[in-house]
Amino acid sequence: MNNTTHFAFFDEGSKKEIRRTTLKAVAIPGYQVPFASREMPIARGWGTGGLQLTLSLIGKEDTLKVIDQGADESVNAVSIKKLVQQTTGVEVTDSTEAASLIQSRHRIPEVPLTEEQILVLQVPTPEPLRDVEASEYVTKRLHAEEEYSGAWLLLFEQIMKYGKTATGADHPVYVNGRYVMAPSPIPRFDNPKMHISKALTLLGAGREKKIYAVPPYTDVTSLAFEDYPFVVETFASHACHLCGANDVFLDELVNEATGKAYYQCNDTSYCLDRLNSQEQVEVEHHHA
Amino acid sequence: MREEPILHVRNLNKQFGRGCVHCRDKTKRQLEKNYCPTCGTVYACQDVSLNLFPGEILGIVGESGSGKSTMMQCLYFDASVTSGEAYIHNGELNGKNVFALSQQKKRYIRNNKYGMVYQNPVNGLKMNFSSMGNIAEKLIAAGNRNVSSMERTGHQLLEHVQIPLFRSKEEPQNFSGGMQQRVQIAKALSNNPPILFLDEVTTGLDLSVQANVLDLIKEIQREWGISMIVVSHDLAVIRMLADRTMVMLNGSVIEEGLTDQILEDPQHAYTQRLVYSLL
């Protein structure tokens, strides 16, 4: 009997099962593979799907980055980071470039990912057809028969009601021209980043017990009608009040004193990087 | 020359249950009504055959439990058949038994060749989506990806079934029963299907609305030349709509002919009872 301690919270059996599921998910891009979601020390719906993927993949040489809605320091990101670090001893980082494994909630980092990196996304509702069809039995069949009029219908209804596709997040995508996938609640702004991405993207839904994936260099097309093309959020008329960036996803914040809106980078580590490099330039310039 | 039927159904059988030694053999089958007294297997449709000719309305009457709705559900692929064949003579489907096709193909037929109006609008409509969205659903399923063209078609159809345009973005759950039924008809017609199924469309509607819906169906048939199968237990509906009529009893067709002939000169004892109970 093997009496050595297991690495990274999970026992070997759990890791094996989740890795097998992941392999199947990578083999069938966009297909939701069911798996036996484990009981985790955080509550279901708080990133257990992503956490399980992270813990099954992480090795001693990995560097981990955890983001929650673009921020590295929010409570959820910090507690997940702590848990993984205490059970594995791996290094954690805020820098997107330095990380080999990135677990994220609701955002894809602004810095383009590389072939050496894996992006893990936490998913609340993996089923893009859930709003039109409540039954899992039926949605499974609809996926099998490639019958996605329900997903299109949801967009059509938005156009009828608001005059445009109003998906704030989780805009459905075709993966590899076959499966329609809910890309987790990332803003539309991030959808194009999945297309022909160099990094492997894994999506885990702990409560719904599903894992699915977008392998590197895979076609990802956002659903859009001929006369209502897919558009991302644009912030051209605004800029981050800290670093001045305007080609990234910005948060709208309100100055309580004046009641005026101001904007700030949603991806905090990207913003910090820009500020640091600006400072670097200033310092070099000053001393030169 | 006799015209070719647009829909030809041969020996459609539908049973609920596995059957037993007492009922599995068709020749020795001794059923109480249409179910086996030994094992309880229900033989809902037994060797139903029919022809639907282009532009005609075929009425199907029978008491409740006679298998008329089950037959319709089988033809519309809502239920699977136990055995039997059906052929649609339209375009690329010539000569193919549609019951043997794949699920995708069946879905294609449902979206492009068929229209269905259920007795209960809840089955045919998505009640929490706008009426326009409901019509668009069928167009989207048939491959349309152009919002303005779908909106145009939707407006035309809703106008045709007399739904005021300012209510087109409203959900059918806010509509009256008659309006819901008319939205369902508009949805069924959205892809210009050659075949339309109507399952007890007027049951549960009050008389003036009934007349309204029947007028609409008659008008659609005159203008668009769609072939229809109308299931009803209401002989008045059948008399008004159907060119030919089939009478079903306990899952079998017992009489078939021109509607006037069936109603004026019924041959089978059951049909006679049915017709005289009305008069």
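Note that the structure is predicted; figures quoted are calculated from it, not measured. (Residues numbered from 1 in each chain as written. Chains lettered and ligands numbered in written order. Predicted model: local features only at pLDDT ≥ 70, side-chain atom pairs only at ≥ 80, totals over all residues.)

K.L.:
How should I be thinking about the overall build of chain A in this particular structure?
P.N.:
Per the secondary structure count, chain A includes seven helices and 12 strands. Taken over the C-alpha trace, chain A has a radius of gyration of 20 Å; the compact-globule value for 288 residues is 19 Å, and the two agree within 12%. The principal-axis extent of the C-alpha atoms belonging to chain A is close to 65 × 60 × 35 Å. Counting over 288 residues, chain A shows a buried share of 43%. Sequence-distant contacts in chain A: of pairs separated by 6 or more residues, those separated by 24 or more amount to 61%. (Helix = DSSP H or I, 4+ residues; strand = E, 2+ residues; numbered from the N terminus. Rg over C-alpha atoms; globule rule 2.2 N^0.38 Å. Buried ≥ 20, exposed ≤ 12 C-beta atoms within 10 Å, placed from the backbone. Contact = placed C-beta atoms within 7 Å.)

K.L.:
Looking at this model, I keep getting lost on the sheet that holds strand β8 (residues 244-249) of chain B. Mind explaining?
P.N.:
One key point about sheets: their strands pair by backbone hydrogen bonds, in either a parallel or an antiparallel sense. All names here are of chain B. Across the sheet, six strands lie side by side as β5-β6-β7-β3-β8-β9; this open sheet has mixed pairing. Whereas interior strands pair on both sides, the edge strands pair on one side only; in this sheet they are β5 (114-117) and β9 (252-258). Recorded for the sheet is a direction-independent mean angle of 15 degrees between the axes of neighbouring strands. The pairing of strand β3 (residues 57-62) with β8 spans five bridges and is classified as parallel. Of the residues in β8, the one forming a bridge with Gly62 is Met248. (Pairing = 2+ DSSP bridges. Axes fitted to C-alpha atoms, helices over the stretch in contact; angles between N-to-C directions.)

K.L.:
Honestly, unusual backbone geometry in this entry has me stumped. Any pointers?
P.N.:
Excluding glycine, residues mostly have negative phi values, and the peptide bonds linking residues are mostly trans. Its identity is not glycine, yet Tyr217 of chain A carries a phi of approximately 55 degrees, on the positive side. Looking at the secondary structure, you find Tyr217 of chain A in the loop between β9 (210-214) and β10 (220-222). On the neighbour-count criterion, Tyr217 of chain A (12 C-beta atoms within 10 Å) is exposed. The phi dihedral of Asn192 of chain B is positive, around 50 degrees, even though this residue is not glycine. With respect to the helices and strands, the residue Asn192 of chain B is situated in the loop between α6 (177-189) and β6 (195-199). Using a count of 11 C-beta atoms within 10 Å as the deciding quantity, one classes Asn192 of chain B as exposed.

K.L.:
I'm lost on the packing of helix α4 (residues 131-141) of chain B against helix α5 (residues 147-160) of chain B in this one. Help?
P.N.:
Between two packed helices, the angle of one axis relative to the other and the distance separating the axes together describe the packing. Residues and elements named next belong to chain B. It is the contact of α4 with α5, at a shortest axis distance of 9 Å, that shows an interaxial angle of 120 degrees. Between α4 and α5, the angle falls in the class oblique. Considering only the axes of α4 and α5, their crossing is right-handed. Each of Ser131, Met132, Ile135, Ala136 and Leu139 in α4 lies in contact with α5, whose residues at this interface are Met150, Glu151, Thr153, Gly154, Leu157 and Leu158. Residue classes in the contact of α4 with α5 are distributed as seven nonpolar, three polar and one charged. (Parallel < 35°, antiparallel > 145°, perpendicular 65-115°, else oblique. Left-handed = near helix turned anticlockwise from the far one by under 90°. Nonpolar A, V, L, I, M, F, W, Y, C, P; charged D, E, K, R; others polar.)

K.L.:
Explain the interface of chain B and chain A to me, please; I cannot follow it from the model alone.
P.N.:
Often, the extent of an interface is quoted as the loss of accessible area on bringing the components together. Contact residues are listed per partner, giving 16 residues for chain B and 14 residues for chain A. Among the elements of the structure, α2 (103-112), α4 and α5 of chain B are those that each provide at least two residues to the side of chain B that touches chain A. At six residues, α4 of chain B tops the list of elements feeding residues into the side of chain B that touches chain A. Residues that form the side of chain B that touches chain A fall into these classes: six nonpolar, six polar and four charged.

K.L.:
Would you mind going over the packing of helix α1 (residues 12-27) of chain A against helix α2 (residues 48-57) of chain A with me for this structure?
P.N.:
All names here are of chain A. One way to put it is that α1 packs onto α2 with a least axis distance of 9 Å and a crossing angle of 105 degrees. It follows that α1 is roughly perpendicular to α2 by the angle criterion. Here Lys15, Ile18, Arg19 and Thr22 of α1 come into contact with α2, specifically with Gln52, Leu53 and Ser56. In terms of residue class, the contact of α1 with α2 is made up of two nonpolar, three polar and two charged.

K.L.:
Looking at this model, I keep getting lost on the sheet that holds strand β6 (residues 173-175) of chain A. Mind explaining?
P.N.:
Residues and elements named next belong to chain A. As summarised here, the arrangement of the three strands in space is β7-β6-β10, forming an open sheet in which the pairing is antiparallel. At either end of the open sheet lies a strand with only one pairing partner, and these are β7 (179-181) and β10. Sheet twist, expressed as the mean angle between neighbouring strand axes with direction ignored, is 35 degrees. As defined by bridge partners, β6 adjoins β7 across three bridges and the pair is classed as antiparallel. When the sheet's bridge partners are listed, Val175 is paired in β7 with Tyr179.

K.L.:
Help me understand the confidence of the model for chain B in this model?
P.N.:
Regions with low pLDDT carry predicted coordinates that are not meant to be interpreted in detail. A residue-level look at chain B finds 99% of positions with pLDDT of 70 or above and a mean pLDDT of 90. For this predicted complex, the interface confidence score (ipTM) comes to 0.87, while the overall pTM stands at 0.90. (pLDDT = per-residue confidence, 0-100.)

K.L.:
What exactly am I supposed to notice about the pairing of β8 of chain B here?
P.N.:
Put simply, side chains in a regular strand alternate between the two faces of the sheet. Residues and elements named next belong to chain B. Of all six residues making up β8, six are buried, and the element is well covered by its neighbours. In β8, alternate side chains face the same way, and those of Arg244, Met246 and Met248 on one face and Thr245, Val247 and Leu249 on the other are all buried. Two strands pair when backbone bridges link them, and β8 and β9 are joined in this way by six bridges, in the antiparallel orientation. Its bridge partner being in β9, Arg244 is matched across the sheet by Leu258.

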